[in-house]
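Summary of the model geometry
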Number of protein chains: 2
Amino acid sequence: MNDELGRRCETALGELLQRRMRVNLYEELVAGVGRGVDITSYPILSGLARLGPVTAGTLGAEVGLDRSGVSRHATRLEEGGLIVRRPDPDDARNTLLILTDDGERIIAVLRERLAGMFDQQLRSWPREQAEQFVAGLERFVRENHDRSFADIAPGADTPLTPMDQERS
Amino acid sequence: MNDELGRRCETALGELLQRRMRVNLYEELVAGVGRGVDITSYPILSGLARLGPVTAGTLGAEVGLDRSGVSRHATRLEEGGLIVRRPDPDDARNTLLILTDDGERIIAVLRERLAGMFDQQLRSWPREQAEQFVAGLERFVRENHDRSFADIAPGADTPLTPMDQERS
DNA sequence: TCCAATGCGTGCGTCTTGCACGCATTGGAG
DNA sequence: CTCCAATGCGTGCAAGACGCACGCATTGGA
């Protein structure tokens, strides 16, 4: 019966992680903002707001991007005046990405917008259910976040059923 | 107070929708499967399993992709023997994408794997919390799915202010 | 002083995606 | 029956995002 939970979770999350969901949500979110903020650079900006001043490498590991990609987006956001690059005082090899005041303000507005959207949706829910859902969501995300950094190679976690046919 | 829920939901979902989450999950999922199945074509296959025989256009709207992209992935999956193209008997303009037996079997295995992963994670939760979380997740996804098709978002020139609308 | 290690930023190739065009089919109007 | 506007697929083309590898700068220990 718990297996049923896993299956239902897979179905729901499968839809949530679809491209349609991301594009609809984030493209509407960043529409008209400019300043180098688009659907691809928003995760960089958001991650930077969450982590504080960090290097491109660290931020890349957080959002799942290569350093080079982060650097590219950072350049665009820097040209937009939302972030600045500054050498790490403790280690000049590192270049810290830091939000400017404009950057702080804009990311705050964007997150506020998103929170408003979700709040609007959750408002029609029974208070109890909304509370439980968000709490569960937070736990789920936190566990996955921790695992994605601690866990490297499970390997034989899930066996491969008889589908290992090579046809090429 | 409810606004706090929206904010917490935004934070959690913000991480859940990150690239790192998708890549880690789906790349591990489809590793070694072959047959034209990779992290980009899996959503096509999965959506096809969910919707049944549909046209490329319909499937594209479902997953958030252009018809052309769906057609490309469909070609690859067809070469892998997982789907077939067949003209719609009711309207020969349409080309229905249909899962083969191999396709059905493989997508079933993959979804089973995913369900197993989630089940394993949820197993350590209090039964009540896991139940509530999944139920909430299903409702959340369903509402968003409906809205994304009913709502034609104008938002091309949305001002940079928090939006407030009436509940539906 | 020297050198291996670390980290950034850019050139280059690959992959994915969207737009536009050509072709085929449908259904209604004359 | 014929004609034509509408619809939908699949491909050529171009733009964009991403990863890898290289060069350069800095650090810390031998």
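First, a word on scope: everything that follows refers to the structure included in this document. (Residues numbered from 1 in each chain as written. Chains lettered and ligands numbered in written order. Predicted model: local features only at pLDDT ≥ 70, side-chain atom pairs only at ≥ 80, totals over all residues. Heavy atoms only, no water.)

Counting residues in hydrophobic clusters, the biggest one holds 84 residues, and the most contacted among them are Leu16, Ile83 and Phe133 of chain A together with Leu16, Ile83 and Phe133 of chain B. Leaving out residues up to four positions away in the same chain, isoleucine 83 of chain B has contacts with Leu45, Leu48, Ala74, Leu77, Glu78, Leu97, Ile98, Leu99 and Thr100 of chain B. (Core = buried A, V, L, I, M, F, W, Y, C linked by side-chain atoms within 4.5 Å. Buried < 20%, exposed > 50% of the residue type's maximum accessible area, 1.4 Å probe, protein only. Contact = heavy atoms within 4.5 Å.)

A word on the interface of chain B and chain A. Taken together, the contact pairs 87 residues of chain B with 80 residues of chain A. Buried surface at the junction of chain B and chain A, both sides included, amounts to about 8500 Å², of which 57% is carbon and sulfur. Connecting chain B to chain A are 10 salt bridges. Its salt-bridge partner being glutamate 10 of chain B, residue arginine 111 of chain A comes within 3.2 Å of it at the nearest N-O pair. Connecting chain B to chain A are 28 residue pairs in polar contact (both at pLDDT 80 or more). (Buried area = accessible area lost by both parts, 1.4 Å probe. Salt bridge = Lys/Arg side-chain N within 4 Å of Asp/Glu carboxyl O. Polar contact = N/O pair within 3.5 Å; in protein donor to acceptor, adjacent residues only side chain to side chain.)

A few words now on the protein's contact with DNA strand C. With respect to spatial proximity, 22 residues lie near DNA strand C, and among them Thr55 and Arg85 of chain A together with Asp66, His73 and Arg93 of chain B are the closest. Taken together, the sugar and phosphate atoms account for 73% of what DNA strand C places within 4 Å of the protein. Separating a phosphate oxygen of DNA strand C from a backbone N or O atom of alanine 56 of chain A is a distance of 3.3 Å. Taken together, the elements giving at least two residues each to the surface near DNA strand C come down to α4 (56-63), α5 (67-79) and β3 (91-99) of chain A together with α5 (67-79) and β3 (91-99) of chain B. Per-element accounting of the surface near DNA strand C gives the leading share, 4 residues, to α5 of chain A. Of the residues assigned to the surface near DNA strand C, the class counts are 3 nonpolar, 9 polar and 10 charged. (Near = heavy atom within 4 Å. Helix = DSSP H or I, 4+ residues; strand = E, 2+ residues; numbered from the N terminus. Nonpolar A, V, L, I, M, F, W, Y, C, P; charged D, E, K, R; others polar.)

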